[in-house]
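Examining the three-dimensional arrangement
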There are 2 protein chains.
Amino acid sequence: MVRVGIIGAGHTRFGVLKNDVEELLKDAVDEALSNVDRGIDAREIDAVIVGNFLAEITGVGHLGPLALSALGNLEADAYRVESACASGGLALYQAWQYVRFGVYDNVLVVGVEKMTDSETSRVTEALARASTLKEMAHGFTFPGIFALMAREHMRLYGSGEEHLALVAVKNHENALKNPKAHFRRRISVEDVLNSPIVASPLKLYDCSPISDGAAAVIVSGKPREYTDTPIYIDCMATGYDKPALYDRRDIARLLSVKRAADKVYSLTGLTPKKLDVIELHDCFTIAEIIIYEELGLARRGEGHKLVEEGVTRLDGELPVNPSGGLKAKGHPVGATGVSQAVEMYLQLRGEAGERQVEDAEIGLTANMGGSGASAVVAVYKR
Amino acid sequence: MVRVGIIGAGHTRFGVLKNDVEELLKDAVDEALSNVDRGIDAREIDAVIVGNFLAEITGVGHLGPLALSALGNLEADAYRVESACASGGLALYQAWQYVRFGVYDNVLVVGVEKMTDSETSRVTEALARASTLKEMAHGFTFPGIFALMAREHMRLYGSGEEHLALVAVKNHENALKNPKAHFRRRISVEDVLNSPIVASPLKLYDCSPISDGAAAVIVSGKPREYTDTPIYIDCMATGYDKPALYDRRDIARLLSVKRAADKVYSLTGLTPKKLDVIELHDCFTIAEIIIYEELGLARRGEGHKLVEEGVTRLDGELPVNPSGGLKAKGHPVGATGVSQAVEMYLQLRGEAGERQVEDAEIGLTANMGGSGASAVVAVYKR
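Residues numbered from 1 in each chain as written. Chains lettered and ligands numbered in written order. Predicted model: local features only at pLDDT ≥ 70, side-chain atom pairs only at ≥ 80, totals over all residues. Heavy atoms only, no water.

1. Description of helix H10 (residues 255-268) of chain B
Residue and element names in this part refer to chain B.
- In this model, H10 (14 residues) spans 20 Å end to end at C-alpha, consistent with the 20 Å of a helix rising 1.5 Å per residue.
- Taken residue by residue, H10 has Ser256, Val257, Ala260, Ala261, Val264 and Tyr265 as its buried positions. What you see down the axis of H10 is that its buried residues fit within an arc of 160°, all on one side.
- Gly269 lies just past H10 and shows a positive phi near 75°. (Helix = DSSP H or I, 4+ residues; strand = E, 2+ residues; numbered from the N terminus. Expected span 1.5 Å × (residues − 1). Buried < 20%, exposed > 50% of the residue type's maximum accessible area, 1.4 Å probe, protein only. Arc of directions from axis to C-beta.)

2. Considerations on the interface of chain B and chain A
- Every contact between the two is made by 54 residues of chain B and, on the other side, 54 residues of chain A.
- Buried surface at the junction of chain B and chain A, summed over both partners, amounts to about 4200 Å²; 56% is from carbon and sulfur atoms.
- Counting the surface chain B buries against chain A, the share from its top three residues, Glu56(B), His62(B) and Tyr240(B), is 17%.
- At the surface where chain B touches chain A, the tally comes to four salt bridges.
- Linking Arg80(B) and Glu56(A) is a salt bridge whose minimum nitrogen-to-oxygen distance equals 3.7 Å.
- Scanning the region where chain B abuts chain A turns up 29 residue pairs in polar contact (both at pLDDT 80 or more).
- Where the side of chain B that touches chain A is concerned, the elements lending two or more residues are helix H1 (21-34), helix H2 (55-58), helix H3 (63-71), strand S3 (77-82), helix H4 (87-100), helix H6 (133-137), strand S8 (231-240) and H10 of chain B.
- Among the residues making up the side of chain B that touches chain A, the classes are represented as 27 nonpolar, 15 polar and 12 charged.
- The sheet contact formed by strand S3 (residues 77-82) of chain A and S3(B) spans three bridges and is antiparallel. Following the sheet pairing, Glu82(A) is matched in S3(B) by Arg80(B). (Contact = heavy atoms within 4.5 Å. Buried area = accessible area lost by both parts, 1.4 Å probe. Salt bridge = Lys/Arg side-chain N within 4 Å of Asp/Glu carboxyl O. Polar contact = N/O pair within 3.5 Å; in protein donor to acceptor, adjacent residues only side chain to side chain. Nonpolar A, V, L, I, M, F, W, Y, C, P; charged D, E, K, R; others polar. Pairing = 2+ DSSP bridges.)

3. Some words on the packing of aromatic side chains
- For the structure shown, the criterion picks out 13 aromatic pairs over all chains.
- With a centroid separation of 6.4 Å and 20° between ring planes, the pair formed by Tyr79(A) and Tyr93(B) is classed as stacked. Here Tyr79(A) is found in strand S3, whereas its partner Tyr93(B) is found in helix H4 on a different chain. For the pair Tyr79(A) and Tyr93(B), one class covers both residues: buried.
- Measuring from ring centre to ring centre gives 4.9 Å for Phe146(A) and Phe284(A), while their planes differ by 25°; the resulting arrangement is stacked. Of this pair, Phe146(A) sits in helix H7 (residues 142-157) while Phe284(A) is found in the loop between strand S9 (277-280) and helix H11 (285-294), placing the two residues 138 residues apart along the sequence.
- Taking the relative accessible area as the measure of exposure, Phe284(A) reaches 8% and is therefore buried.
- Between the NZ or CZ atom of Arg100(B) and the centre of the ring of Trp96(B), over which it lies, the distance is 4.0 Å. (Phe/Tyr/Trp six-rings, centres within 6.5 Å; stacked < 30°, edge-to-face > 60°. Lys NZ or Arg CZ within 6 Å of the ring centre and 35° of its normal.)

This is how it looks when you write it as structure tokens:
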């Protein structure tokens, strides 16, 4: 089995951008190609995998050939992969498997989403297409779905709105140190609690924003030819759950994340204690708290205590979302999973600037689709 | 390298159906699982790859987990792959590579599209999202794009509207013998020539219809465990071209198809003369004629002569689109590439009923995305 390393990364600013989807793709691809330490030619890329959720609604689909054009190599294979908000993670997972099994030597993975050209209501409806036809027919959108999860977590475990607020405050604090972040503004617990209610108990500042952006990594089966300091993707796994909330036994859980994480822990022998840095899928603040539990960072029903105790702050024992996370870095859906990998590449190479986690050697990412029907977990090592 | 065989196939009727995307998925998956000669359990499926183009517009996205639910196995990996009208072919290509390199043993490939719930104008606009932002901004839709190709072919090579009509007549004739086809009605050259103009020189009967439907195949790296008569996918390849028509040197060509076909011929040593049956991407009648040339069945500029001479009729020397093709079997976009594989499975097993091509031993499929930005070509053997 080939050991898979990341040899280059690109990342546009996340936010409300004037660029269209083709330009976002090209910016991230160009940056990834240009920052490979010993250089790489477009013709050395064997395949491009694009992670994207809503292209057909927000612009054009058929992004594989567009990405080849952006790359300037029509000879490579090209795919667009979709798994709602886990599209980027799934694209990376495909690349990892292809390289590991020797299908390709070098794969360019690029996640992209253009979301801000439409009205907010239209994007919210579009995003609901990560749920099921029946949920959509009953008017469910994602703030409502995650609000139900939050209510249930509060009912079962005594978590409170202040705990959710602390997640937002932490991730905004981190984003202040990320020049690519959508929001670079300090907020307080009071700001969160006083922000307008979106779907009770979730308020505006509990929700990740609607962002444009793209992120890219180049993964290679011969990384040392391109750099002395590749970041290895040590292990990856997917996990799934029933798509509809009404089909699940416990809606205060995100079992797809647990299933993916358990596979990764079992295959690597790692435990949460050995991790130095984590990027996880805080599409809503409650998601970060539940994912703490599913990753085994906290016991079931105790996720909110981690954030209360400051464990996951940048200066805490186990920093989570140093990039600012989806909440404050922004959440261009298809880009998110790849952006998490870019953060790992920077953190483990010691190139994360002001938000650098000291001596970060082992990192984990958790990217999730929809209300948790799909998830992708990865472990990175230097 | 593992030899990859198809061990089961499922196919809904194509047409205006009442079923939603989840039901279409389930029907095709259930049929594919149930007709494996020696049976297969859902738990033996290691991954599901869904080919689909427009899910987010016409229903819901995130079809990977939905397909796992339809399969009844949440432990498998799940992907949704998109490459416009080549989505199904690309899903099959991924499955073929995964199995060939030993990533998975058994992969379920399912193509699906639900298109008829929206107004026609909305679907036509949605389909335009397989082109580029600039083409869309200038009002291009696919009938217009292929009309330009037809005009250029006529100008350069002297093909005529009657040649296009003969393609439609042939494929309608074949569809009469396919119980799953959208149109089962004999038409004449006059019917085509007198049908309403959609985008001159293309008339209504030059265009494939807007259809609902799903198709599935199970591919395996140990096919003989499941059947004595698997159909082997001998070779597959992709090909690409610049996405926008205005970036191409010659718009009477579909170079992505040629690139994919050339790779397949070169890797297998096959020549067109050795093929017994072909299913190719006749989204518009002109596409069938140009693809004849790109596959090397006719010399450049002589594709229309094949249909004039009857070579590609069911009783001709090299039958093309015995299923009725996209034109008459129907074109539920994401399902089309998988449907082509299903037809090969039936033809090479001698199970194609009234439309059986006698002694068919080697078959080829050509599936194309958009105006030819992407293409997937495959060769099948018994």
